[in-house]
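An overview of the molecular structure
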Amino acid sequence: MRFVILTLVLAVLGGCSVPVPPLQTADAPNTGSVGGSVPGLSPREAQAAFSTVKARVEPVAEQTCRTQTRGMNCDFAIVIDPDPQAPPNAYQSLSRSGRPVITFTRSMLGQIANQDELAFVMAHEAAHHIEGHLARQQQNAVAGSVLLAGLASLAGGSAAEISNAQDLGAIVGARSYSKEFELEADRLGTLITHKAGYRPSVGVKFFDRLPDPGDRFLGTHPANPDRVRIVQETITRYGLN
Ligand SMILES: [Zn+2]
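All values derive from a computational prediction rather than experimental measurement. (Residues numbered from 1 in each chain as written. Predicted model: local features only at pLDDT ≥ 70, side-chain atom pairs only at ≥ 80, totals over all residues. Heavy atoms only, no water.)

**Here's the deal with the overall build of the chain**
In plain terms, the rule: Secondary structure elements follow DSSP: runs of H or I no shorter than four residues count as helices, runs of E no shorter than two count as strands, and numbering proceeds from the N terminus. Two residues qualify as a contact provided that any one of their heavy atoms is within 4.5 Å of a heavy atom in the partner residue. For the accessible areas, the method is Shrake-Rupley and the probe is 1.4 Å, while residue cover comes only from the protein chains on display.
Counting its secondary structure elements, the chain contains eight helices and four strands. Put simply, 76% of the contacts in the chain that link residues at least 6 apart link residues at least 24 apart. When the accessible surface of the chain is summed, it comes to about 11800 Å², and 57% of that surface belongs to carbon and sulfur atoms.

Rendered as structure tokens:
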């Protein structure tokens with residue numbers, strides 16, 4: 001039984017090495033670099049596009065949040081990370097006071113080709129908050145932790161082994177659900193993008209330029225074709241463009 005646990009633990013460690021950030025859902029291009037051939041906006045254009053897109057997406061995201069949830073803080077803050085060295089990333093987090101914050105790093109803005117793409121990524125992040133993914137991811141992490149710690153103590157593990165299994169279980173629990181959350185956020189993000197006056201069919205092309213994370217069990221993001229498919233399905237179902 002101990003051998004089984006160890007094998008499980010090794011299999012898990014083989015699949016992932018990056019800890020899950022506890023209080024944010026991040027949407028980085030997975031390798032940290034999308035390559036040099038991106039038809040990105042200049043820093044000045046990116047800044048202007050950010051202000052324009054934010055002015056249109058934020059009210060739609062807030063209205064969608066208030067319509068679809070109860071008792072949730074829907075007062076989004078959408079900001080640019082001032083650190084010019086921060087790697088390409090866009091993520092949703094909660095401020096100390098519980099306000100939903102969507103952060104773009106400058107290098108992420110540099111990867112964006114047009115306003116439709118920027119709107120799509122912004123709407124996707126807002127959708128993570130509206131769908132309650134942070135809280136649900138933490139619940140999943142707790143459930144995974146309890147499960148693996150239970151297995152370790154059944155196998156007669158020491159206190160340290162049980163504690164390790166708890167940490168590992170938290171990672172597995174959080175990661176094994178996050179692909180589903182990404183696709184949920186893509187679906188609702190498609191609707192928000194459209195309502196804000198942008199084209200999700202153009203915005204989704206952002207994924208074409210990301211390295212495909214493939215279909216790894218522990219990957220935090222779905223394979224790119226799965227994401228494109230969910231956006232296309234939503235577009236067709238609601239007759240969007
Ligand atoms: Zn996401």
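Having seen the structure, we can now continue with the description.
**Some details on the packing of helix α2 (residues 43–68) against helix α4 (residues 115–130)**
To be explicit about the condition: An axis is simply a line fitted to the C-alpha atoms; with a helix, the fit covers only the stretch in contact. Between two such axes, the angle follows the N-to-C directions and lies from 0 to 180 degrees. The labels follow the angle: roughly parallel below 35 degrees, roughly antiparallel above 145, roughly perpendicular from 65 to 115, and oblique for the rest. Should the near helix be turned counterclockwise from the far one by less than a right angle, the crossing is left-handed, whereas a clockwise turn marks it as right-handed.
α4 packs onto α2 with a crossing angle of 30° between their chain directions and a minimal axis gap of 9 Å. In terms of axis orientation, α2 runs roughly parallel to α4. The way α2 lies across α4 gives a crossing that is right-handed. In this structure, α2 contributes Ala49, Phe50, Thr52, Val53, Lys54, Val57, Ala61, Thr64, Cys65 and Gln68 to the contact, and α4 contributes Gln115, Leu118, Ala119, Met122, Ala123, Ala126, His129 and Ile130.

**Structural notes on the packing of aromatic side chains**
What counts, and what does not: Only rings of Phe, Tyr and Trp enter the pairing, Trp through its six-membered ring, and a pair is recorded when the two centres are within 6.5 Å. The plane angle decides the type: under 30 degrees is stacked, over 60 is edge-to-face, the rest tilted. The cut-offs for exposure are 20% and 50% of the maximum accessible area for each residue type, with area from a 1.4 Å probe on protein chains only; residues under the lower value are buried, those over the upper are exposed, and the others partly exposed. For a ring to carry a charge above it, either NZ of a lysine or CZ of an arginine must fall within 6 Å of the ring centroid while also lying within 35 degrees of the normal to the ring plane.
Using the criterion set out here, one finds one aromatic pair in the structure. An angle of 75° between the planes, with centres 5.9 Å apart, marks the rings of Phe50 and Phe104 as edge-to-face. Separated by 54 residues along the polypeptide, Phe50 in helix α2 and Phe104 in strand β4 (residues 100–105) bring together distant segments of the chain. Just as Phe50 is buried, Phe104 falls in that class too. The ring centre of Tyr198 lies 4.3 Å from the NZ or CZ of Arg56, which sits over that ring.

**Quick word on the environment of Phe181**
Looking at the secondary structure, you find Phe181 in helix α6 (residues 159–195). Distance from Phe181 to Gly132, taken between C-alpha atoms, is 9.5 Å for residues 49 residues apart in sequence. Leaving out residues up to four positions away in the same chain, Phe181 has contacts with His128, His133, Arg136, Gln137 and Asn140.

**Some points on the side chain of Glu62**
As a reminder, the rule being used: Asp and Glu count as negative and Lys and Arg as positive, but His and the ends of the chain are not part of the count. Salt bridges are counted wherever a side-chain nitrogen of Lys or Arg sits within 4 Å of a carboxyl oxygen of Asp or Glu.
Topologically, Glu62 is positioned in helix α2. This buried residue, Glu62, is left without a salt bridge; Arg66 holds the nearest opposite charge, at 4.4 Å. Not counting residues within four places of it along the chain, the set of residues in contact with Glu62 comprises Cys74, Asp75 and Phe76.

**Here's the deal with α4**
Going by this rule: Take the residue count of a helix, subtract one, and multiply by 1.5 Å to get its expected span.
Here α4 spans 22 Å end to end across 16 residues, near enough to the 22 Å set by a 1.5 Å rise per residue. Burial runs high along α4: 15 of the 16 residues are buried. Of the residues one or two after α4, Gly132 is the one with positive phi, at around 70°.

**Concerning the pattern of salt bridges**
Where charged atoms from two side chains of opposite charge come close, those side chains can pair. Scanning all chains against the criterion turns up six salt bridges. Salt-bridge contacts for Arg229 lead to Asp226; the nearest nitrogen and oxygen are separated by 3.1 Å. Residue Arg229 and its partner Asp226 are located together in helix α8 (residues 224–238), separated by three residues, close to a single helical turn. The class of Arg229 is partly exposed, set by a relative accessible area of 47%. In this structure Asp226 comes out as partly exposed when scored by relative accessible area, which is 23%.

**Thoughts on the state of the cysteines**
What counts is decided by this rule: When two cysteine sulfur atoms lie within 2.5 Å, the pair is treated as a disulfide.
Applying the stated criterion across every chain yields a total of one disulfide. Here Cys65 engages in a disulfide with Cys74; their sulfurs sit 2.0 Å apart. Between Cys65 and Cys74, the S-S dihedral sits near -70°, and the bridge is therefore left-handed. Each of the two residues, Cys65 as well as Cys74, counts as buried.

**A closer look at the confidence of the model for the chain**
Cut-off, in case you're wondering: Each residue carries a pLDDT score, the predictor's confidence in it, ranging from 0 to 100.
Mean pLDDT for the chain: 77, with 70% of residues reaching 70 or above. The model gives residues 1–23 a pLDDT under 50, and that stretch makes 32 contacts with residues more than four places away or in other chains. Across residues 30–37 the pLDDT falls below 50, and counting only partners more than four positions away or on other chains, this stretch makes ten contacts in the model.

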